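Coordinates in review
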Amino acid sequence: MPSPVGHALGGLIVGLAVGDREPGAVRPWALALPVIAAVAPDIDFLWGRHNMETHSLGAALLAGLAVLAWTRGRGPGLALAVALAWSSHVLFDWLGSDTTPPLGVMALWPLSSDFYFANAFLFDAISRRTYRPDFWSHNLWAVAKEVVMLAPVAGAAWALRRRPSSDR
Ligand SMILES: [Zn+2]
């Protein structure tokens, strides 16, 4: 499962691709909220139910609806970006490695409490075992791989976003 760096890059990509936009301008909130939404599901570490309800498309839908309510219906693009950014977290964790059972994420909550795991190992599992001698080297290598995979996509999304709308 990716680090917060990988998840934040996923949220940035979503924000650049589908967030609220004005021609030629990138509004800070339109990027900050998807980034926060993409990292937010791991808040479940606080109450010890990691990879469960917050790691689901149901929670992503609720996050999008919360933004829609907060903007009183005037921010459908931002609400969509937040829901998709939250979903990117579920997708990345599904595609990543996991070393702590139950493996995978409760992706279809509240319809199902089953755990889903792609066996794709696209992202390395971030170790929380601070006592291990390879804690830092393993995690730094995992984060570096996330950046190498996702930063070019974010850069491309940024470049496309910065083009004048008449070029599209
Ligand atoms: Zn997670």
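Scroll up to find the structure.
First things first, this report covers the structure right here in the doc. Model, not experiment: these values are computed from the prediction.

**A short note on the nonpolar core**
Nonpolar side chains tend to gather and get buried jointly when the protein is soluble and globular. The biggest cluster of nonpolar side chains holds 17 residues, and the ones touching the most others in it are Ala 37, Val 67, Val 82, Ala 85, Trp 86, Val 90 and Val 105. For this core, the secondary structure elements donating two or more residues are helix H2 (28–39), helix H3 (57–70) and helix H4 (76–95). Setting aside chain neighbours within four positions, we find Val 90 in contact with His 55, Ser 56, Val 105 and Ala 107.

**A few points about the packing of aromatic side chains**
Summed over the entire model, instances satisfying the criterion amount to 4 aromatic pairs. Geometrically, the ring pair formed by Trp 29 and Trp 70 is edge-to-face, given 6.5 Å between the ring centres and 65° between the ring planes. Within this pair, whereas Trp 29 is found in helix H2, its partner Trp 70 is found in helix H3, the two being separated by 41 residues in sequence. Each member of the pair, Trp 29 as well as Trp 70, is classed as exposed. When the centroid spacing of 5.7 Å and the interplanar angle of 85° are considered together, the rings of Phe 117 and Phe 121 count as edge-to-face. When its relative accessible area of 45% is taken as the criterion, Phe 121 is described as partly exposed.

**Notes on the coordination of the zinc ion**
For the zinc ion, the full set of protein donor atoms is Asp 42 (OD), His 55 (NE2), His 89 (NE2) and Asp 93 (OD), and the range of their distances to it is 2.1 to 2.2 Å. Geometry at the zinc ion is irregular, judged from its 4 donor atoms and the angles of 87 to 169° they form at the metal. Counting gaps between the donor residues of the zinc ion yields the pattern D-x12-H-x33-H-x3-D. Here the residue His 89 and the residue Asp 93 both occupy positions in helix H4, the gap between them amounting to 4 residues, near one helical turn. When sorted by exposure, His 89 lands in the same class as Asp 93, which is buried.

**Examining the side chain of Ser 127**
As for its placement among the helices and strands, Ser 127 is situated in the loop between H4 and helix H5 (135–162). A polar side-chain atom of Ser 127 sits 3.1 Å from the main-chain amide nitrogen of Arg 129. The contacts of Ser 127, once residues within four sequence positions are left out, are Phe 135, His 138 and Asn 139.

**Re H2**
One turn of an α-helix holds 3.6 residues; hence residues three or four places apart share an orientation. Look at H2: 17 Å from first C-alpha to last across 12 residues, which is about the 16 Å you get at 1.5 Å a residue. Taken as a whole, H2 has its buried residues at Ala 30, Leu 31, Leu 33, Pro 34, Ala 37 and Ala 38. For H2, the buried positions fall inside an angular range of 165° around the axis, keeping them on one side. Of the exposed residues in H2, those oriented more than 90 degrees away from the buried face are Pro 28 and Trp 29. Each element contacted by the buried residues of H2 is listed here: helix H1 (4–18), H3, H4 and H5.

**Remarks on the side chain of His 7**
Structurally, His 7 can be placed in helix H1. Judged by relative accessible area, His 7 falls into the buried class, the value being 1%. His 7 has contacts with Pro 2, Ala 38, Val 39, Asp 42, His 89, Phe 92 and Asp 93, leaving out every residue within four places of it along the chain.

Each value, and the rule that gives it
Residues numbered from 1 in each chain as written. Predicted model: local features only at pLDDT ≥ 70, side-chain atom pairs only at ≥ 80, totals over all residues. Heavy atoms only, no water. Core = buried A, V, L, I, M, F, W, Y, C linked by side-chain atoms within 4.5 Å. Buried < 20%, exposed > 50% of the residue type's maximum accessible area, 1.4 Å probe, protein only. Helix = DSSP H or I, 4+ residues; strand = E, 2+ residues; numbered from the N terminus. Contact = heavy atoms within 4.5 Å. Phe/Tyr/Trp six-rings, centres within 6.5 Å; stacked < 30°, edge-to-face > 60°. Donors = N, O, S within 2.8 Å, 3.2 Å for Na, K, Ca; no water. Tetrahedral: all angles 85-135°; square planar, octahedral: opposite > 155°, others 65-115°. Polar contact = N/O pair within 3.5 Å; in protein donor to acceptor, adjacent residues only side chain to side chain. Expected span 1.5 Å × (residues − 1). Arc of directions from axis to C-beta.

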